[in-house]
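What follows is each chain in one-letter form.
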Amino acid sequence: MKKTLKYISAIFLASAAAVSCGDRFLETEGPAYSDANFPATVEDVCQMVTGVYSSLYSAYNDCGAATWFVYSNIVSDEELGGGGGNDLDVQAMDRMLYNDRDFFAPFWRYCYEGINRANRVIDYIDNVTWDNNEDLRSQCLGEARFLHAYFYFMLTQMFGDVPLLTASYITEEMLPPASAEEVIYPYIISELEAARNLLPPTSYSGADPNCGHVTKYTAEALMARVAMFYWGFYKHITELVTAGGQQIQLVEFEGCYGGVRSTDDIVAALKDIVASGKFGLLEDFRSLWPYSNRALWDCTKENEWTPGKSYMYIADMDRENCFHENGDDDACTSREVLFSVRCNTTPGRTNNLTCLYGLRQPGADGIFPANTGQGYGTVNPGLWDMWTQAENNQSMSYTDIRKLGSIFDLRDELAGYTFGYDNAMEEAGYAQKKIQTIQSYIGDKLFLNAMSSGYYYGDGTTDLGLRNNPTDIILLRYSDVLLMITELTGDPSYMNQVQRRSGVPETAYSLKAMQDERLWEFACEGIRWTDMRRWSGNEGEANCYCAKSLQNNQSGKYIYNMGQKEVHKYNYAERYVQTDGFLDYPESVVTASDGRIQHKESWGASAYFDRCR
Amino acid sequence: MKKLKLSLTLASCCLATTLSAQGIPAGDSTFTLTTIAEVTVKGEDITRLSTVSATGALQGQVPGATIIQNSAQPGMGYNINIRGIGTFGDSNPLYVIDGIAGGSLEALNPADIESVEILKDGASTALWGIRGGNGVVLVTTKRGGGGRTKVSYDGFYGWQNVSKMPSMTTAQDYMILINERGFNESGALINWENLLPENLYNAIRNGQSTNWLNEVYKKGAPTTNHTVNVSGGQKGHTYSVGLSYTGQDGIIRPESSSFRRFNLRVNTDNVAIRSKRGLDILTIGETLNLNYNKRHTLAEGDRNWNSIRNYLSACPLLPVYGEDGSFFDAAAREASGWNFGTDETAMHPILIDNNTAMGLNSSTNLNIQGSFYIQLQPIKGLKLKSTAGYLLSTGETTTEEKVYRVNEKYFNDEASTTKTTFNNRNRSWENTLSYDCTIASKHNLGALVGMSAEKWTLHETPGILLAYFANLHYNYDNRYTISATYRTDGSSYLKKDHRWMSFPSVSASWTISNERWMKPVKDWFSLLKLRASWGVSGNLNTANILNYNAFAFNAAGYTFGNKASDSTSAFINSIENGDLTGETSKQFNVGIDVRFFDSRLGLSIDGYHRTSSDCIIPVSDPTALGTLTTYLNSGEIRNAGIEYAIDWGKYTGDFQYGIKLNGAWNRNEVVRIGTADRILHGAKDVLSDNTGEIYRSMVGQPVGVFYGYKTLGVFQNHDEIVNYPGVKFDDTIPGELIYADINGDGILNEEDRTVLGKSHPDVTTGINLWFAYKGLDLSISGYGAFGQQIVASYSAFTENQTANFTSDMLDRWCGEGTSNTLPRLGYGFNRNWGRVSDLLVQDGSYFRLSNITLGYDFKHLIRNDVISRCRLYVAARNLATLTKYRGADPELNYSAGESWMQGIDLGSYPTAKTFLVGINLSF
């Protein structure tokens, strides 16, 4: 009996002692992967780089209309806000006003998510051993540098001065906005210089499975775009051919070894792309966009049509020129693309912009082959008018294939289009054609998404549907490289290649010719806003190129609000001068900054886009 | 002596019960500590209310506890908040079931419960350390007594009906309102004949109208409960077994909304070694509470995932069935010539629920709550006890999507079934050493030291808690009592330097009525006692606070190469905050207990002041953190209040009766929010797109206030507008709202938004009446909450301009003098309707007659020694609710994403009014 008691007591004491060594007992097995043990392998680093691309995807697809792409289109003279009576955010965007002070917060967040992820790659890259894998190491580092730079390019385009985070451990000094002109642009150029030196000299379309990774040439092309904006906007060099001797001071880090970059260096970088022979213009401009897809070309709808006749606008195309993102040489994008946001059919990885740009219509029935959506970014009728004018203004009139290649003429092309559906706002009968989900028959069955065809990304039997559009969002094309060379050198031969493809008369170099050509070539591709502003310079007045274009091309045009025809009136020029084309910092950014980031003066209460009309 | 005993059991405070519930017997009851604020609800007071849920039966019985159903859907559980909100995280108390912390009261059958004790003050909750800050609910299940075997059966069967539905307009009124709105906006009238099929148009002219919620309403939906309990034992070996089944069908779409529950309870207590003098030297026992349930849940809550909202807002013109008797789906619409919109307008809500996860969602859960103890008492009063506990909560949720085509935008071509599983486990081990003794018959002394260790896995995340605690209590002559406790907790959720937190408490009481000089008045002044306590407890609800820089992976990180494959991405998805510590709650409590007239009249009053500091607040700096969130200890909340409980009763004679009344008043104030703007922002666009932030928490206000524009009436005519001295829009026309220029800057814009109301009540109350005459008994219960507001909105008004209207819209302004609150009709995105203003805020106060039961015990007729009870009863639940609230039920807990919020009604499941018959049989 006593023995039993002793025994039991001993168990008590022993057990109490066992757990009383406190802290060690409280150590849980941490997460399987934390910064204590990750990255450990080369593959880990590659996955971290993929994580940065993930943020790029999100900044384009997970922010609704609050993306640089949609914003650039709408705020420029290419598109109006559109949408319905409730879509005040996009209508405010067009006017450089706000409906929701925090509307751009998701975009800001994803950009900084990407920046933080890129910084972590850069800081931790040597935590793993790269034996015999130095090329891969360079590529990972180069991609991180490139994407870091790209996020900053987007942020500075939209907000001007922003906090510059250059390491994964953020210090107080990094958190107030840094001068875009003095600090960030030189930093971006330096990072692109590093990327250029680190990344492999391959084509972007590459071979499976590498397609989609940025390359040396992507960095070179982006470097030109950034530098041209820097010189134009901050240094007021509207005409870059005259910019001899302009330099940008570089910062030093691995891959970029200081010194300066001049316009000559930029030209050399662009010519390097041309010389590589890895890129080229597609034969037919329309081949770039999904509306020219082969399913649509092929479809006959129970013998109602003959092949190629389902959609008149592409009827004259050669079948082999039909949209083929997969490229013509089994690569994964066409050879004209240097950079894109890549999408596929996996939910969460699809092209969400098509839903925003889809037409605001009751159903897809009457608008074949276009599709339904929010109806954001209705095309400014002024753009159409300018284009028509340009076509007829020459001594000999011509048809620019890009006009209908970029814009739906809704009344003419889509018989069933109705104005004012679902309180549609700012309609003028035009919609952008490049970013759309296209319907098609495959066999006798109507598919909301032509990409469901086995020729593309589906199996030909299941409709991918409206929301699962897998087409890429193109950010940089080879024609841009050509046009930039002409703009920097005055040599028209590069521009002429672009003109020739679209059936446009070849012209000599002039600033006006550059401005027009870029407008036509990149209509609704999110490029125009950057161009307009660099041709104006910062602190531009009401007569600068940007203010004038915004005002004259948009205000005073006829539009339909909820089905009623009205004259669109707004003082775009005045507002542009007030804001210098920069957005305000999102509310939550200001709030969290603890006073380091302040709302901008031009974005006070008077910039509230009141729902009172 | 008898009187004294009564007074002590009735006194609403007793630390001894705390200790016993923790697995520590309170000694020989030679003395009872009575220094703390606590409420005990006995099992019979739970079962007599015939509820499906034990928590539901507590409503109105605990002063200071706000108990609100999460939803009126079967099996959806309750939210308990004790003495106001003191955290921005989960404010539910800690549940301790049979001594094991972390269990679930909802997993028990009401008839299995012996008692529920709610610990409220700092002195009692301090003993529960880092989890005691929101209060503690101690649940004791029934255990076997000595003597002969007792068998009982309790059962009821009830019929449920809707107690109230929001009133929506009929097809005819709807057409008038749509027409008027269209005319106001565009000057044109609608040609209904062109928009509707001819037959339908004529039918509607003849009075046809679809009330969608009525279409899915099941009258008399059953609810039932059957329980068998067996208990008994002999000579130190006792057992108790319970087996029960509960079934409840929803009153709305029972095929999508139902609850089935099976419970098994087994426990035994065995004295293994008993000394010759009768001392229980070694005792062992175990408890097993097993619960299996299956639930179908109709989508509810969110504005985009809410079937009730769909039924309320669906177009009343749309018929349920087409000419051929099948559902009026997209194809039928097209064939019939329906032309009144094709998407939101023509959403057939029944088709949606029939085909999507909104109506096809079921879950099964298995809960095991078990423990085993061994107790050694080598000498009298010295006890060594060790308890091992195990909790398991595992289950699976299945959702289904069928192939359907509701309309052009709402369709699915590929059927799918999705299953998600969860598996949460908790293992605990507790050891205590206690000693109680009485010296010189007047000095009662008790001491306890102990430790406990717990390891758990919650949503796949491990956690460990290690605690050491001690208690010392002393009572002199049943007059003066003091008690002190100390606990220190170490949590694996916290980083090393902040891992250990301390929780001290002291409490004291003076039973004045036991003083000798009170003897002369003892005849009528049965008890007078003063209490005071102070204590510290903590809170660390860290389900989403992972304190390390962890990497996560996404198999679909980005698209490289051909589009057939995805590439995996790796990224940090949680950020550590090395300085994070638990929240602490310091509470001071004073109380008085008095009883008069042989204890027939009793009154207890408690006053408290609680400061919750280091409240954890999510911080998301979009710049430094991107999309990540981190947590800081930077909030402070203060709660102060008064609670009372009065009872009066006649407990002798043939005719007996009693009344219990309790109430509580709580003042809640946010003292600090450590973010830059001192605001904890609520979710955006909760009601509809562009409606912005309608609720938030801000310094100087109670937790969770509604936020928006204040209106001052409606402009009746042009003269009024011209002469209006305040701020107005330049283009104002008669019938538009007058907005208040809150900040006085002469502009009406978003800066003029202000606090429009609060979401949590100031005052809660409960009442219980009972009468008994021989075998006949009648009881009436009710509870209420007062001072809170509700925001109600059943359609996405800024987006969908064809949703049905609530019928109060018939009182809108439509000419001078017609309304001074609701403006002229206009599109929901325009300023009069699109701005969230006080028009949407309603008074949420209510008093509910929760239960009336009439029973008769036939034992009084049948003289039978075998049957000790044979009671038949009829009862009505939720017979009436007094409220000004126009929605389905003011008792609603939807919070739109933040646990500190409630009172947002986007369409909520109607509460059932239940009539039931039941039987209690004991042998």
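For the structure itself, look to the data block above.
Residues numbered from 1 in each chain as written. Chains lettered and ligands numbered in written order. Predicted model: local features only at pLDDT ≥ 70, side-chain atom pairs only at ≥ 80, totals over all residues. Heavy atoms only, no water.

(A) Inspection of the sheet that holds strand S7 (residues 136-141) of chain B at higher detail. Residues and elements named next belong to chain B. Strand order in the open sheet made by the five strands is S1-S6-S7-S4-S5, with mixed pairing throughout. Here the strands that pair on one side only, and so sit at the sheet edges, are strand S1 (38-42) and strand S5 (100-101). Here four bridges tie strand S4 (residues 94-97) to S7, and the two strands are oriented parallel to one another. Along S7, the bridge assignment pairs Tyr95 with Val137. (Pairing = 2+ DSSP bridges. Helix = DSSP H or I, 4+ residues; strand = E, 2+ residues; numbered from the N terminus.)

(B) Just the pairing of strand S2 (residues 65-69) of chain B, in detail. Residues and elements named next belong to chain B. S2 sits mainly inside the fold: five of its five residues count as buried. Pairing of S2 with strand S3 (residues 78-82), which is carried by five bridges, proceeds in the antiparallel orientation. Paired with Gln69 across the two strands is Tyr78, which belongs to S3. (Buried < 20%, exposed > 50% of the residue type's maximum accessible area, 1.4 Å probe, protein only.)

(C) Up close: the packing of helix H6 (residues 134-159) of chain A against helix H8 (residues 216-234) of chain A. Residues and elements named next belong to chain A. Packing of H6 against H8 leaves a shortest axis separation of 11 Å and a crossing angle of 25 degrees. Relative to H8, H6 is oriented roughly parallel. The crossing of H6 and H8 is left-handed. Listed contacts from H8 to Phe146, Tyr150, Phe153 and Gln157 of H6 are Thr218, Ala219, Leu222, Arg225, Val226 and Phe229. Among the residues making up the contact of H6 with H8, the classes are represented as seven nonpolar, two polar and one charged. (Axes fitted to C-alpha atoms, helices over the stretch in contact; angles between N-to-C directions. Parallel < 35°, antiparallel > 145°, perpendicular 65-115°, else oblique. Left-handed = near helix turned anticlockwise from the far one by under 90°. Contact = heavy atoms within 4.5 Å. Nonpolar A, V, L, I, M, F, W, Y, C, P; charged D, E, K, R; others polar.)

(D) Up close: the environment of Val267 of chain A. All names here are of chain A. Position of Val267 among the secondary structure elements: in helix H9 (residues 263-276). Its relative accessible area of 11% is what places Val267 among the buried residues. Taking the C-alpha atoms as reference points, Val267 and Arg109, separated by 158 residues in sequence, lie 34 Å from one another. In this structure Val267 touches Leu488 and Thr489, once residues within four positions along its chain are discounted.

(E) A look at the interface of chain B and chain A. Between chain B and chain A, the residue contacts involve 83 residues of the former and 94 residues of the latter. Note on chain B versus chain A: buried area summed over both sides is about 7300 Å², and carbon and sulfur give 57% of it. When residues of chain B are sorted by the area they lose upon contact with chain A, Tyr558, Lys563 and Thr623 of chain B head the list and together hold 11% of the total. On the surface where chain B and chain A come into contact, there are four salt bridges. Residue Asp472 of chain A is joined to Lys563 of chain B by a salt bridge in which the shortest nitrogen-to-oxygen separation is 2.7 Å. With seven residues, the top contributor of residues to the side of chain B that touches chain A is strand S23 (residues 550-558) of chain B. Split by residue class, the side of chain B that touches chain A holds 35 nonpolar, 28 polar and 20 charged. (Buried area = accessible area lost by both parts, 1.4 Å probe. Salt bridge = Lys/Arg side-chain N within 4 Å of Asp/Glu carboxyl O.)

(F) Region of the structure containing the state of the cysteines. Residue and element names in this part refer to chain A. Per the counting criterion, the structure on display carries zero disulfides over all chains. For the unlinked cysteine Cys343, the closest cysteine sulfur is that of Cys355, found at 11 Å. What makes Cys343 buried here is its relative accessible area of 0%. (Disulfide = S-S within 2.5 Å.)

(G) Main features of the pairing of strand S19 (residues 461-476) of chain B. Residues and elements named next belong to chain B. Sheet topology places strand S18 (residues 443-458) next to S19; 16 bridges connect them, and they run antiparallel. Each residue of the ladder has a partner; that of Ala453, found in S19, is Leu466. Examined bridge by bridge, S19 and strand S20 (residues 480-491) share twelve bridges and lie antiparallel to one another. Bridge pairing in S20 links Asn475 to Thr481.

(H) Up close: helix H2 (residues 42-61) of chain A. Between its first and last C-alpha atoms H2 of chain A spans 29 Å; for 20 residues at 1.5 Å apiece the expected length is 28 Å, and the two agree. Across the 20 residues of H2 of chain A, 18 count as buried, placing the element largely inside the fold. (Expected span 1.5 Å × (residues − 1).)

(I) Expanded view of the sheet that holds strand S41 (residues 904-905) of chain B. Residues and elements named next belong to chain B. Strands sit in the order S38-S37-S41 across an open sheet of three strands; the sheet is mixed. Sheet topology places strand S38 (841-843) and S41 at the edges, where each strand pairs with a single neighbour. Of the strand pairs in this sheet, strand S37 (residues 789-792) and S41 are connected by two bridges, and their pairing is parallel. Bridging from a neighbouring strand, Ala792 pairs with Asp905 of S41.

(J) Layout of unusual backbone geometry. Cis geometry is found at the peptide bond from Phe38 of chain A to Pro39 of chain A, where omega equals 5 degrees. Cis peptide bonds are those with omega within 30 degrees of zero, and the linkage from Phe368 of chain A to Pro369 of chain A qualifies with 5 degrees. With respect to the secondary-structure elements, Pro369 of chain A resides in the loop between helix H11 (353-357) and helix H12 (381-393). Phi at Ser50 of chain B takes a positive value of approximately 50 degrees, unusual for a residue other than glycine. Within the fold, Ser50 of chain B resides in the loop between helix H3 (43-47) and helix H4 (54-58).

(K) Representation of the packing of aromatic side chains within the structure. Residues and elements named next belong to chain A. Here the structure, examined in full by the defined rule, presents 75 aromatic pairs over all chains. Their ring planes at 80 degrees and their centres at 5.7 Å tell us that Tyr33 and Phe38 sit as a pair that is edge-to-face. Overall, Phe38 belongs to the buried group, its relative accessible area being 1%. Through a chain of ring-to-ring contacts, the aromatic side chains of Trp68, Phe146, Tyr150, Phe153, Tyr185, Tyr204, Phe229, Tyr230, Phe233, Tyr234, Phe339 and Phe582 assemble into a single cluster. In this arrangement the basic side chain of Arg349 is found over the ring face of Tyr57, its NZ or CZ atom lying 4.7 Å from the centre. Between Arg575 and the ring centre of Trp603, over which it is positioned, the NZ or CZ distance is 4.7 Å. (Phe/Tyr/Trp six-rings, centres within 6.5 Å; stacked < 30°, edge-to-face > 60°. Lys NZ or Arg CZ within 6 Å of the ring centre and 35° of its normal.)

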